[in-house]
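The residues making up each chain are set out below.
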Amino acid sequence: MAVGILLVGGFGTRLMPLTRHTPKPMLPVAGLPVTQHQLAMARNAGITTVVLATSYLSEVFIPYFGDGSKFGMKLLYAVEKEPLGTGGAIRNAADLLGRDESIVIFNGDVLSSHNLRGQIDFHDKNSADVTLHLTQVDDARAYGCVPMDSNGRVTAFLEKMENPPTNTINAGCYVFSPSVIDEIAPNTVVSIERETFPHLVSSGKKVFGYLDQSYWLDIGTPKALMQGSRDLVSGVADALALRDAKVLSHSPQSVVMDGAKIDTSATISGASAIGPGSIIGAGVHIDGSIIGSDVVIGEGATITDSFIASGTHIEKNSQISGSYCEKGEISLLNL
Ligand code: GTP
């Protein structure tokens, strides 16, 4: 069996202003925080102990997830006073875990339906030091790419470039053999992608790639976050977490969470998500949008391709499109 570390401490600058008061992994997609979808995926693969490696806005995770028992898991928290980077965060969080099981690391901003159990089995079969989930994209120029040999062994980690030699990229989920964790320096800012992985490859460690082309999305920008939510609602992506959550209704057009009240004359379409406790007034039209929890939308309003932060009140007859709304503020999103 394996245990997990979820990296949830980044600033999420590309998602500003959505991340001003809410860390990226706590933003709602399909009615639940991104992290909750990831935990459901981990549990489905048999991982029931996970450390949340937090830093930015660390205080919001414990009140929601607690000790994990309501999700059928054991959750632990490693808090970095100053962000330690992805590698430093892993090393720090691993101090809460033993060294007798493989450790699966998850970037906290990825929605993935890949076969995680298959990745762990592939790691074991190869007696690998590290096994990364890799996926292929049409255009790898925006990413660093990860070439492999014919046995699936990673040969290099290449930075972003104009002519990448392969379109295979790091998908942000890694299985580590426990001893390899201690190759990362403690209490030091380290990037796993730019420092640890290239070092492991050049020093001859067995680093393998597990290529799986299932649904995968990095939700690091507003456009991608909105897409990820729609994909979970419409069924394009696996929404395992919704199976166990308190859901009032769910169809490919919408998911409505427990305690929300929707006027019978309101229409909700385009794989929109309505958070718990939100009140949607008469004649409201919502399309392709994310509505947080305890939002009130006044009668006659139209909300299209927008993200309404939790606790926001929208005036009646408002017309909002392609925007982020939080309390009194509204800003256009780059969709
Ligand atoms: P941007 O600022 O928009 O690039 O987002 P980010 O801060 O989340 O950085 P990035 O997307 O590169 O991070 C990948 C994952 O690692 C995310 O889940 C982050 O939350 C997490 N992460 C990044 N840096 C740190 C860190 O210093 N500590 C911890 N605990 N997690 C981190």
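Small disclaimer: the values here were computed from a predicted structure and weren't measured. (Residues numbered from 1 in each chain as written. Predicted model: local features only at pLDDT ≥ 70, side-chain atom pairs only at ≥ 80, totals over all residues. Heavy atoms only, no water.)

Draft legend 1. Up close: the domain arrangement of the protein. We note that the domain assignment places domain 1 (2-218) and domain 2 (246-332) within the protein. The distance between the C-alpha centroids of domain 1 and domain 2 comes to 32 Å. The interface of domain 1 with domain 2 comprises 9 residues on the first partner and 11 residues on the second. Of the roughly 780 Å² buried between domain 1 and domain 2, counting both surfaces, carbon and sulfur atoms make up 69%. (Domains from an automatic or database assignment. Contact = heavy atoms within 4.5 Å. Buried area = accessible area lost by both parts, 1.4 Å probe.)

Draft legend 2. Expanded view of the UniProt feature "domain: Nucleotidyl transferase" (unreviewed entry) in the protein. With numbering aligned to this structure, UniProt lists the feature "domain: Nucleotidyl transferase" (unreviewed entry) at residues 4-232. Strand forms 23% of residues 4-232 and helix 27%; the C-alpha atoms that close the span are 23 Å apart. (UniProt positions renumbered as here; feature names shortened; annotations may be inferred. Helix = DSSP H or I, 4+ residues; strand = E, 2+ residues; numbered from the N terminus.)

Draft legend 3. Broad picture of the site of the ligand. Residues in contact with the ligand amount to 19 residues; listed here are only the nearest, Leu7, Thr13, Glu80, Gly85 and Gly108. Separating an oxygen atom of the ligand from a backbone N or O atom of Gly10 is a distance of 2.8 Å. One nitrogen or oxygen atom from the main chain of Gly108 is found 2.7 Å from an oxygen atom belonging to the ligand. Burial of the ligand by the surrounding chains reaches 82%, relative to a free accessible area of 610 Å². Of all the elements, helix α3 (residues 85-94) adds the most residues to the shell around the ligand, at 3 residues. Here the residues of the shell around the ligand sort into 7 nonpolar, 8 polar and 4 charged. (Near = heavy atom within 4 Å. Polar contact = N/O pair within 3.5 Å; in protein donor to acceptor, adjacent residues only side chain to side chain. Areas by Shrake-Rupley, 256 points an atom, 1.4 Å probe, with all protein chains shown as cover. Nonpolar A, V, L, I, M, F, W, Y, C, P; charged D, E, K, R; others polar.)

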